[in-house]
Amino acid sequence: FRVQVTPLRDTGVDGGGMVALLRDFTGRKKLEEMRSEFVANVSHELRTPLTSIKGFTETLLDGALEDPQTTKHFLEIIYVESERLTRLIDELLNLSKIEDHKVAPDWQPVSMHELMERTVAIFKPRAAEKDLDIEVVLPEKLPAVHGDPDMLGQVLINLIDNAVSYTQNGGKIKVSAQSNGNKVKVEVQDNGIGIPEDSIPRVFERFYRVDKARSREQGGTGLGLSIVKHIIDVHHGSVQVKSKVGEGSTFTFELPVEGQNTSNA
Ligand code: ADP
């Protein structure tokens, strides 16, 4: 977020400087508000797993340790919560690096064909556990896109991870790509729980979750889709979602084909 400072002189209009100053002040105030809201959110998100870790550790120290079964159960919770904390911190760092443009993308021609096959393979075991069918549909020929393969891999991971998490056992996921003019369009479709209409515009916000308990259960951090949005923005692409509660969701992103005005290579 950058505050734009309009020149105070030479505006040729009486009071022009005043207007610029006010605008600058409003921008700064909004920026500060957003920052403090973000810090509050992060603190809350970090505190939740920590509270749980602390609580279970205290209970163990207070005597629950005597019972081996309770001990095992509590230690498992502590482990899962520590994992979530680690993921949260990793994702936060990742997001802030992308946002601050600290990581220059490693631009190269990326074959979505290869990337999709590779990413889907990662999810095969988890899908099998839930008896989910993951289908990959690709045309024989697909132009390479202009991008960073690791970042684009992360986009696919986050979208497929959500499709797996928010689809009931026995469901179906389809990952497909097609060429669309000078863009490549990729779709991750599921027939899972879907997203309520009023939540759709918010899912790309940091920490936004339709159902916090459900996201937590899945090990979610509420950052996956905001990372997706940022990576797609860095790639000058677009991302959108269509969804219906009880029917499923389709996330679609489009990326420019390699060689099409790709001046940031
Ligand atoms: P999380 O870590 O909670 O999954 P995300 O940023 O990836 O965070 O997603 C934000 C929220 O959007 C999720 O908590 C969930 O409510 C909703 N969501 C994302 N993908 C799907 C999907 N495929 N089906 C249903 N809901 C989804």
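Below or above, wherever it landed, is the structure these notes cover. No experiment lies behind these values; they were computed from the predicted model shown. (Residues numbered from 1 in each chain as written. Predicted model: local features only at pLDDT ≥ 70, side-chain atom pairs only at ≥ 80, totals over all residues. Heavy atoms only, no water.)

## Points about the site of the ligand
Definition in use: Proximity criterion: a residue is near a molecule or strand once any of its heavy atoms comes within 4 Å of it. Any pair of N or O atoms that falls within 3.5 Å is considered a polar contact. Within protein, one atom must be able to donate a hydrogen and the other to accept it, and sequence-neighbouring residues count only if both atoms are side-chain atoms. Under the convention used here, a 1.4 Å probe and the Shrake-Rupley method define accessible areas, while residue burial counts only the protein chains that appear.
As a structural note, the neighbourhood of the ligand is formed by 20 residues, with Tyr166, Ser215, Thr221, Gly222 and Leu225 the closest of them. A distance of 2.7 Å is found between an oxygen atom of the ligand and a backbone nitrogen or oxygen belonging to Thr221. Here an oxygen atom of the ligand sits 2.8 Å away from a polar atom, N or O, in the main chain of Gly222. In isolation the ligand offers 530 Å² of accessible surface; the protein chains occlude 96% of this area.

## Section: helix H6 (residues 224-234)
Where we set the bar: Burial classes: relative accessible area under 20% of the type maximum marks a residue as buried, over 50% as exposed, and values in between as partly exposed (1.4 Å probe, protein chains only). The way it works is that DSSP assigns letters per residue, a run of H or I at least four long becomes a helix, a run of E at least two long becomes a strand, and they are numbered from the N terminus. Any two residues having at least one pair of non-hydrogen atoms within 4.5 Å are treated as being in contact.
The element H6 is extensively covered by neighbouring structure, given that 8 of its 11 residues are classed as buried. Turning to H6, the residues buried within the fold contact helix H2 (68-99), helix H4 (149-165), strand S6 (238-244) and strand S7 (248-256). Two residues or fewer past H6, His236 is found with a positive phi of approximately 55°.

## Examining the packing of aromatic side chains
The criterion, for reference: A pair of aromatic rings is counted whenever rings of Phe, Tyr or Trp (Trp by its six-membered ring) have centres within 6.5 Å, and the orientation is called stacked for planes under 30 degrees apart, edge-to-face for over 60 and tilted otherwise.
Across all of its chains, the model carries 3 aromatic pairs by this definition. Taking 6.3 Å as the distance between ring centres and 25° as the angle between the ring planes, the aromatic pair formed by Phe38 and Phe207 counts as stacked. Here Phe38 is found in helix H1 (residues 16-61), whereas its partner Phe207 is found in the loop between strand S5 (183-190) and helix H5 (212-217), with 169 residues between them in sequence. By relative accessible area, Phe38 is classed as partly exposed at 26%. Between Phe56 and Phe74, the aromatic rings sit 4.8 Å apart at their centres with planes inclined by 65°, giving edge-to-face as the arrangement. Of this pair, Phe56 sits in helix H1 while Phe74 sits in helix H2; the two residues are 18 residues apart in sequence, bridging distant segments of the chain. A residue is classified by how much of its surface remains accessible, and Phe56, at 23% relative accessible area, is partly exposed. Judged by relative accessible area, which is 13%, Phe74 ranks as buried.

## Topic: the packing of helix H3 (residues 112-129) against H4
Spelled out, the test is: Axes, fitted as lines to C-alpha atoms, cover a helix only where it is in contact. Angles between the N-to-C directions of the axes lie from 0 to 180 degrees. Geometric relationships in this document are graded by angle, where less than 35 degrees denotes roughly parallel, more than 145 denotes roughly antiparallel, 65 to 115 denotes roughly perpendicular, and other angles denote oblique. For any helix crossing, the convention is left-handed if the near helix is rotated counterclockwise from the far helix by under a right angle, and right-handed if that rotation is clockwise. Charged means Asp, Glu, Lys or Arg here, nonpolar means Ala, Val, Leu, Ile, Met, Phe, Trp, Tyr, Cys or Pro, and polar covers whatever is left, Gly included.
In the contact formed by H3 and H4, the axes pass within 10 Å of each other and the chain directions differ by 40°. When the axes of H3 and H4 are compared, the pair comes out oblique. Crossing of H3 against H4: the hand is right-handed. Contact residues: H3 offers Met112, Leu115, Met116, Thr119, Val120, Ile122, Phe123 and Arg126, while H4 offers Pro149, Leu152, Gly153, Leu156, Ile157, Ile160, Asp161, Val164 and Ser165. In terms of residue class, the contact of H3 with H4 is made up of 12 nonpolar, 3 polar and 2 charged.

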